[in-house]
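Residues per chain, in single letters:
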Amino acid sequence: AQKITQTQPGMFVQEKEAVTLDCTYDTSDQSYGLFWYKQPSSGEMIFLIYQGSYDEQNATEGRYSLNFQKARKSANLVISASQLGDSAMYFCAMRDREAGNTGKLIFGQGTTLQVKP
Amino acid sequence: DGGITQSPKYLFRKEGQNVTLSCEQNLNHDAMYWYRQDPGQGLRLIYYSQIVNDFQKGDIAEGYSVSREKKESFPLTVTSAQKNPTAFYLCASSIGDREAPTEAFFGQGTRLTVV
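Residues numbered from 1 in each chain as written. Chains lettered and ligands numbered in written order. Predicted model: local features only at pLDDT ≥ 70, side-chain atom pairs only at ≥ 80, totals over all residues. Heavy atoms only, no water.

Enquirer: I'd like a description of the overall build of chain A, backed by residues and values.
Expert: Regarding its fold elements, chain A presents 0 helices and 12 strands. Sequence-ordered secondary structure for chain A, helices as α and strands as β, is β-β-β-β-β-β-β-β-β-β-β-β. In terms of overall dimensions, chain A is globule-like: its C-alpha atoms have a radius of gyration of 14 Å, near the 13 Å expected for 117 residues. Along the first, second and third principal axes, the C-alpha set of chain A runs to 45 × 30 × 20 Å. Counting all 117 residues of chain A, 50% fall into the buried class. A separation of at least 24 residues holds for 54% of the contacts in chain A among residues at least 6 apart in sequence. Element-wise, carbon and sulfur atoms account for 46% of the exposed surface of chain A, whose accessible area totals about 5400 Å². Separation between the mean location of the 11 positive side-chain charges and that of the 12 negative ones in chain A comes to 2 Å. (Helix = DSSP H or I, 4+ residues; strand = E, 2+ residues; numbered from the N terminus. Rg over C-alpha atoms; globule rule 2.2 N^0.38 Å. Buried < 20%, exposed > 50% of the residue type's maximum accessible area, 1.4 Å probe, protein only. Contact = heavy atoms within 4.5 Å. Areas by Shrake-Rupley, 256 points an atom, 1.4 Å probe, with all protein chains shown as cover. Lys, Arg positive; Asp, Glu negative; His and termini not counted. Charge placed at Lys NZ, Arg CZ, Asp CG, Glu CD.)

Enquirer: Explain unusual backbone geometry to me, using residue names and the numbers behind them.
Expert: For residues other than glycine, phi is negative in most cases, and the peptide bonds are mostly trans. A cis amide bond, omega -5°, links Ser7 of chain B with the succeeding residue Pro8 of chain B. Residue position: Pro8 of chain B is located in the loop between strand 1 (4-7) and strand 2 (10-13). Despite not being glycine, Ala81 of chain A has its phi angle at roughly 45°, a positive value. Mapping Ala81 of chain A onto the fold places it in the loop between strand 9 (74-79) and strand 10 (88-95). By relative accessible area, Ala81 of chain A is classed as partly exposed at 37%.

Enquirer: An account of the layout of surface pockets is needed here, citing residue identities and associated values.
Expert: Estimates place the volume of the largest pocket at around 220 Å³. Residue lining of the largest pocket: Gln39, Pro40, Ser41, Gly43, Ala88 and Met89 of chain A together with Gln37, Asp38, Pro39, Gly40, Phe88 and Arg111 of chain B, and that is the complete set. Looking at the lining of the largest pocket, its residues break down into 5 nonpolar, 5 polar and 2 charged. (1 Å grid on protein atoms, 1.4 Å probe; cavity = no way out; pocket = protein on both sides within 12 Å on 5 of 7 lines; lining within 4 Å. Points joined across faces, edges and corners; volume = space filled by probe spheres on them. Nonpolar A, V, L, I, M, F, W, Y, C, P; charged D, E, K, R; others polar.)

Enquirer: Could you give me a rundown of the sheet that holds strand 7 (residues 64-66) of chain B, with the residues and numbers involved?
Expert: Think of a sheet as strands paired side by side through backbone hydrogen bonds, with each pair either parallel or antiparallel. Residues and elements named next belong to chain B. Spatially, the 4 strands line up as an open sheet ordered 1-3-8-7, and their pairing is antiparallel. On the outer flanks of this sheet lie strand 1 and strand 7, each paired with one strand and no other. Strand-to-strand twist in this sheet, taken as the mean axis angle between neighbours without regard to direction, amounts to 20°. As paired strands, strand 1 and strand 3 (residues 19-25) are joined by 4 bridges and run antiparallel to one another. Residue pairing in the sheet places Gln6 in a bridge with Cys23 of strand 3. (Pairing = 2+ DSSP bridges. Axes fitted to C-alpha atoms, helices over the stretch in contact; angles between N-to-C directions.)

Enquirer: Could you give an account of the pattern of salt bridges, with specific residues and numbers?
Expert: Scanning all chains against the criterion turns up 5 salt bridges over all chains. Here Arg63 of chain A ties to Asp86 of chain A by a salt bridge, and the two come within 2.8 Å at their closest N and O atoms. Of this pair, Arg63 of chain A sits in the loop between strand 7 (60-61) and strand 8 (64-69) while Asp86 of chain A is found in the loop between strand 9 and strand 10, placing the two residues 23 residues apart along the sequence. With relative accessibility at 21%, the residue Arg63 of chain A sits in the partly exposed group. The salt bridge partner of Arg44 of chain B is Asp38 of chain B, with a shortest N-O separation of 2.8 Å. Asp38 of chain B sits in the buried class, given a relative accessible area of 15%. (Salt bridge = Lys/Arg side-chain N within 4 Å of Asp/Glu carboxyl O.)

Below is the structure:
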């Protein structure tokens, strides 16, 4: 079965510094997709970044980048130049391939990030 | 603007009552999903639908029911059989093609409390 593990329940970072949120995954598929979502206190899930298993380069979207290490099965999110508005819960997720032709996701437990002024 | 609308934002249910959570999308997405989130936890899939008039159970479907009569709408009913329904419910949609590296879009959620 596929699984996502986020081992950091909570993290603190000083404003303007970079922070890395860890994510490891387990899958027997050769082709898969990994996502990171942000959930502010309002509750909505905001898509941040996507990494395909066959993508040769690490994904980047503005201040977000994904440190993808396929052999280690890790897909860590790096947020550069942290801002107060980055304080939120962050989820790593994988597209569930075992269920067939679906786009449904398997989520990790999440990491709560607090940015200090 | 395209997006997903969930209503209501807050919902209170008495023991033994059924309640229905609304989810509407105007993104022209084929696939829609219902997730449940408990405090400090990740999301767990309740039901999903790839096309109109068809849906499948997710990991925690017991005590829930859905319908998909229109492409835009995917309401979730929390029945009295659901023993612990207090949670945050999120609806999502996606293009649905397994080969497409597209993300799922989420609504703003409904917080259900049993009183």
